[in-house]
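# Commentary on secondary and tertiary structure
Below are the chains, spelled out letter by letter.
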Amino acid sequence: MKQLLLLSLLAFAAIADYEYDGDVMVLTEETFDQAFNEFDYLMFEFYAPWCGHCKELAPKYAEAATALRPEGIVLAKIDATVQKKLAEKYGVKGYPTIKFSAKQSVKDFEGGRTADGIKNWIYSNLNPESELIETLEQLNEAIAQNKVQFVYFAEEQSEKDRELRKYKEFSFTMKQHFAHTTSKTIREALNVPKGTYFVGFRDQKPYYYQGKLSFPIMKTFVENVANERVQAYSEKKELLEERMTKSKPFVVVFTDESEVQVAAQAWSFQDELLFIKNVDEEFARKIQVRPQDQKGVFIIKGDQRYKRVEGQSVGDFLEAFQSGKAHKYLKSQAAPQQQGLVRTLIGDTYDDTKAVNDSVILYFDSQNEEHNAVQEQFLKVAERLQQNKQLTFNKIDLSQNEVSDLTESVEIVKIRLYKNNQPIKFVIRANKIQEERFIKWIVDNAASKVVDPKAEL
């Protein structure tokens, strides 16, 4: 495939003489011989206009033609009901019949009838087979010469080794450099982890494939190793807008780029995550990451944000996200300068407070006038019960903060008392607190004994 760039340029110079339907060349008995001799790699399909299978194949064949044309590989079609001599020459008995000419050597197409099936079958007839490596010197030379090199460590060089056979078949479909070896000495010299058989080297740095060989995952692994995974924000603005609209996740890298690069290269779920760096201030505000927190690594998915916690590796962070266990990053306003009898909570202090027994928390929206009136009623209850030092009264503005365990609407003010880190809900009516009912509810539900001075009078 490396030589195809020159071929594509030669092909481009020659295509002016041919008729095209999109990127599919249309051949006749008058133009076939010229194309056959001019193009080293030519696939040609015999079809009939009335054939249902041909109609089904047409868009897939066209897609493959578009993908392969820049590489100097030409896909053509021939109407066998009109070009009868050509159809007879190639023994056409049914439709569609597809042939492939590689440097004028013709063989029957035996691949899948999809765009990928066509491309992969052609690649399998172009790419060299995986190279057998017998010495450490050979392998070191291959790794040094090729920016990207893949190696399979086989148990035995035999057709009985199904995994080796699968690896060889896979290597046909890719454009990178592939090799294999059965040498335990080489394996030990490279310190390949036990249970790992497939290794990719990028700039002589190893990346290890984990698990059984599977074509889709192998393909993702190869592409991850071969390509730069952490990409600049300026190059991916439009794609990021699309992902945000569709709530598709992406990773934002503020710091630790080299560590993220290693983790990203080894990440199997390539389509799942897009890794970006060098975001500007406007985009940081858009994804609601506070300036003081613009360090480390975040995953953004829709309106949800996840942050790598201290001491967690990037790889573990990605795995945690994949399994639904990543730490959520919550919106939080600046910490208040002073605290009164009713303590003002923010997103960053909320979890610590709710973990303490007998924490009473008022959830409100500061933009709502009715809610502000409820705050005054809440303060009166706090003043009445302030001799109960174990009992704390807290409030949090949900227009400025996010909390980990409340996703409900705050059209109506909400009140909770936490006991053993579990919430007990107080039912408020019409955005008003009935003081006596509220105090009785606290007395009945608190973990500790609560004394109401007014009741003792």
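Residues numbered from 1 in each chain as written. Predicted model: local features only at pLDDT ≥ 70, side-chain atom pairs only at ≥ 80, totals over all residues. Heavy atoms only, no water.

## Focus: the overall build of the protein
Counting secondary structure elements, the protein contains 17 helices and 21 strands. Taking 23 Å as the expected radius of gyration for a compact globule of 457 residues, we find that the protein reaches 33 Å, considerably beyond that expectation. Dimensions along the principal axes, computed over C-alpha positions, put the protein at roughly 110 × 60 × 40 Å. Here the protein holds 457 residues, and the buried ones make up 45% of them. Considering only contacts within the protein whose residues lie at least 6 apart along the sequence, 70% involve residues at least 24 apart. Put simply, the protein shows about 24500 Å² of open surface, and 48% of that area lies on carbon and sulfur atoms. Computed over 62 positive and 69 negative side-chain charges, the separation of the two mean positions in the protein equals 5 Å. (Helix = DSSP H or I, 4+ residues; strand = E, 2+ residues; numbered from the N terminus. Rg over C-alpha atoms; globule rule 2.2 N^0.38 Å. Buried < 20%, exposed > 50% of the residue type's maximum accessible area, 1.4 Å probe, protein only. Contact = heavy atoms within 4.5 Å. Areas by Shrake-Rupley, 256 points an atom, 1.4 Å probe, with all protein chains shown as cover. Lys, Arg positive; Asp, Glu negative; His and termini not counted. Charge placed at Lys NZ, Arg CZ, Asp CG, Glu CD.)

## Here we look at helix 14 (residues 347–354)
Of the positions making up helix 14, those classed as buried are G347, Y350, T353 and K354. The arc enclosing the buried residues of helix 14, seen along the axis, measures out at 100°, which places them on a common side. (Arc of directions from axis to C-beta.)

## Structural notes on the sheet that holds strand 17 (residues 342–345)
Strand order in the open sheet made by the five strands is 17-19-18-20-21, with mixed pairing throughout. Unpaired on one side and paired on the other, strand 17 and strand 21 (422–426) mark the two borders of the sheet. Across this sheet, the average inter-strand angle for adjacent strands is 30°, counted without regard to direction. In the sheet, strand 18 (residues 359–364) pairs with strand 20 (residues 414–419) via five bridges, with the strands oriented antiparallel. Considered in strand 20, the bridge of S359 is made with Y418. Along the sheet, helix 15 (residues 369–384) makes contact with strand 17, strand 18, strand 19 (392–397) and strand 20, crossing strand 18 at roughly 165°. Its contacts with the sheet put helix 16 (residues 435–445) on strand 18, strand 19, strand 20 and strand 21, and the angle it makes with strand 20 is roughly 20°. (Pairing = 2+ DSSP bridges. Axes fitted to C-alpha atoms, helices over the stretch in contact; angles between N-to-C directions.)

## Here's the deal with helix 9 (residues 215–226)
Relative to the 16 Å expected for 12 residues at 1.5 Å per residue, helix 9 spans 16 Å between its end C-alpha atoms, a close match to the ideal helical length. Residues of helix 9 that are buried: M218, T220, F221, V222, N224, V225 and A226. (Expected span 1.5 Å × (residues − 1).)

## Regarding the nonpolar core
V360, F378, L385, F393, I415, F438 and I442 are the most contacted members of the largest nonpolar core, which totals 23 residues. Taken together, the elements giving at least two residues each to this core come down to strand 18, helix 15, strand 20 and helix 16. Those residues in contact with F378 that sit more than four places away from it in its chain are V342, V360, L362, F393, N394, I415, I433 and F438. Among the nonpolar cores identified, the runner-up in size contains 19 residues, and I73, F100, I122 and L126 belong to it. (Core = buried A, V, L, I, M, F, W, Y, C linked by side-chain atoms within 4.5 Å.)

## Description of the sheet that holds strand 8 (residues 148–153)
Spatially, the five strands line up as an open sheet ordered 7-9-8-10-11, and their pairing is mixed. Where the open sheet ends on each side, the last strands, each with one partner, are strand 7 (131–132) and strand 11 (205–208). Where strand 10 (residues 198–202) meets strand 11, four bridges bridge the pair, whose relative direction is antiparallel. Looking at strand 11, one finds that R202 is bridged to K205. Contacts between helix 7 (residues 162–172) and the sheet are confined to strand 8, strand 9 (177–181) and strand 10, with strand 9 contributing the most and set at about 165° to the helix.

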